[in-house]
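A closer look at the structure
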Amino acid sequence: MRTTEKKLYILGLGMSILVFFVWGISLFTPFSLKSIVPPCMLHQLTGLYCPGCGGTRAVMALMEGRWVSSFFYHPVVLYSFLLAAYFMVTNSLQFMSRHKWKIGMRYRDRYLYLMIGILGVNWVVQNLFIITGHPISEWIVKMDLPL
Amino acid sequence: MDNNFNENNEALDNSVNLSKEPENNMSQEVNDNQFNGGNSFNYTPQPNVNEPNPGHGLAIASLVLGIISIVSCCCVYLSVVAGVVGVVLAILSKNKSKDNKFEGLAMAGLVCSIIGVVISVGYIVYVIVMMQSPDFMEFYQQLMEQNANL
């Protein structure tokens, strides 16, 4: 495993532990992510979305298994989760097989560039729907998607 | 602009060997030229294009922090801190690079960090200016109370 992948793997292990810890707390206590994340003042004052708006709802939907809702709230959350999960699983398998299975995902700069692209497109699309008077988040609530 | 590391050590060894050859043959070449008056051997060792840029890790960290800064621009403290650190890491990446220039990733990290900081600072200034209005103050306090009760 190369240096960059090693560092990312260790970082991913730490993040996974933190995520499981928070998820476990939310399962057994009334703790909610919304209680620690402040409301978006830009949205409250102007009605428009900032680039991060919908992120908390997307994370909460993903933790409940509603990945389609998570995608429509904020696609970067689902993209990051899938990318990170694939990276951790493939590199763990490679590590456990003592590098006999060379299936570990490698870091590429394009993954970050793609994330920026998704962020920008999502921001524009969400605000376009808001300006037309039909925010995407309202649709998700009305449709009550099981996923 | 991918980070194309060459894992094939043979290629790396070949490039190293190529660069070493002129040194080993240099004294022989001089002798040859003296005796033969023959053709001079002009070889310019090529730089190994597969060597990683020393500042690449910092550039990656800078871009990640820049993205975090943009995404959390409403949470101003995190956004400003992430943005400033992102800018610093981009500059450090440039200083560490071989040609003392911003590589693509570092430039993207610098731009994203600056955008995040500008949005957050602009938002802070906007709130400070709007706080002169008593209606806004009341609305702002209600919002903070609502959030505290969640």
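Scroll up to find the structure.
Residues numbered from 1 in each chain as written. Chains lettered and ligands numbered in written order. Predicted model: local features only at pLDDT ≥ 70, side-chain atom pairs only at ≥ 80, totals over all residues. Heavy atoms only, no water.

1. Comments concerning helix H7 (residues 136-143) of chain A
An α-helical turn contains 3.6 residues, so any two residues separated by three or four positions project in the same direction. Residue and element names in this part refer to chain A. Rules: For each residue, the accessible area found with a 1.4 Å probe, counting protein chains only, is set against the maximum for its type, and the residue is called buried under 20%, exposed over 50%, and partly exposed in between. Only DSSP runs of H or I reaching four residues or more are called helices, and only runs of E reaching two or more are called strands; each is numbered from the N terminus. The reported arc concerns the directions from the helix axis to the C-beta atoms and nothing else. Note on definitions: a residue-residue contact is assigned when non-hydrogen atoms from the two residues lie within 4.5 Å.
All buried positions along H7 are accounted for by Ile 136, Ser 137 and Ile 140. Relative to the axis of H7, the buried residues are bounded by an arc of 105 degrees and lie together on one face. Turned more than 90 degrees away from the buried face of H7 sit Val 141 and Lys 142, all of them exposed. Packing partners of the buried residues in H7 comprise helix H3 (55-63), helix H4 (67-73) and helix H6 (109-131).

2. Quick word on the packing of helix H5 (residues 75-96) of chain A against H6 of chain A
All names here are of chain A. Using the following cut-off: Lines fitted to C-alpha atoms define the axes here, with helix axes fitted over just the stretch in contact, and angles between the N-to-C directions of these axes take values from 0 to 180 degrees. Throughout, the term roughly parallel applies to angles under 35 degrees, roughly antiparallel to angles over 145, roughly perpendicular to angles from 65 to 115, and oblique to all others. Should the near helix be turned counterclockwise from the far one by less than a right angle, the crossing is left-handed, whereas a clockwise turn marks it as right-handed. All residues other than Ala, Val, Leu, Ile, Met, Phe, Trp, Tyr, Cys, Pro, Asp, Glu, Lys and Arg, Gly among them, are scored as polar; the first ten of these are nonpolar and the last four charged.
For the pair H5 and H6, the least separation of the axes is 9 Å and the interaxial angle reads 160 degrees. Comparing their axes, H6 and H5 come out roughly antiparallel. Here H5 runs over H6; the crossing is right-handed. On H6, the residues touching Pro 75, Val 76, Tyr 79, Ser 80 and Leu 83 of H5 are Tyr 111, Leu 114, Met 115, Ile 118, Leu 119 and Asn 122. Class assignment of the residues belonging to the contact of H5 with H6 gives a composition of nine nonpolar, two polar and no charged.

3. Some words on the packing of aromatic side chains
All names here are of chain A. In plain terms, the rule: Stacked, edge-to-face and tilted are the three classes for Phe, Tyr and Trp ring pairs, Trp counted by its six-membered ring, which pair at centre distances within 6.5 Å; planes under 30 degrees apart are stacked, over 60 edge-to-face, the rest tilted.
Taken as a whole and assessed by the stated rule, the structure comprises one aromatic pair over all chains. Ring centres 5.5 Å apart and planes at 75 degrees place the aromatic pair Phe 71 and Phe 72 in the edge-to-face group. Since its relative accessible area comes to 40%, Phe 71 is described here as partly exposed.

4. Some words on the environment of Glu 64 of chain A
All names here are of chain A. We count it as follows: Here a polar contact is taken to be a pair of N or O atoms separated by no more than 3.5 Å, where protein atoms must pair a possible hydrogen donor with a possible acceptor and residues adjacent in sequence count only if both atoms sit in side chains.
Turning to its location among the elements, Glu 64 is positioned in the loop between H3 and H4. With 41 residues separating them in the primary sequence, Glu 64 and Trp 23 have C-alpha atoms 9.7 Å apart. A distance of 2.9 Å separates polar atoms of two side chains, one belonging to Glu 64 and the other to Arg 66.

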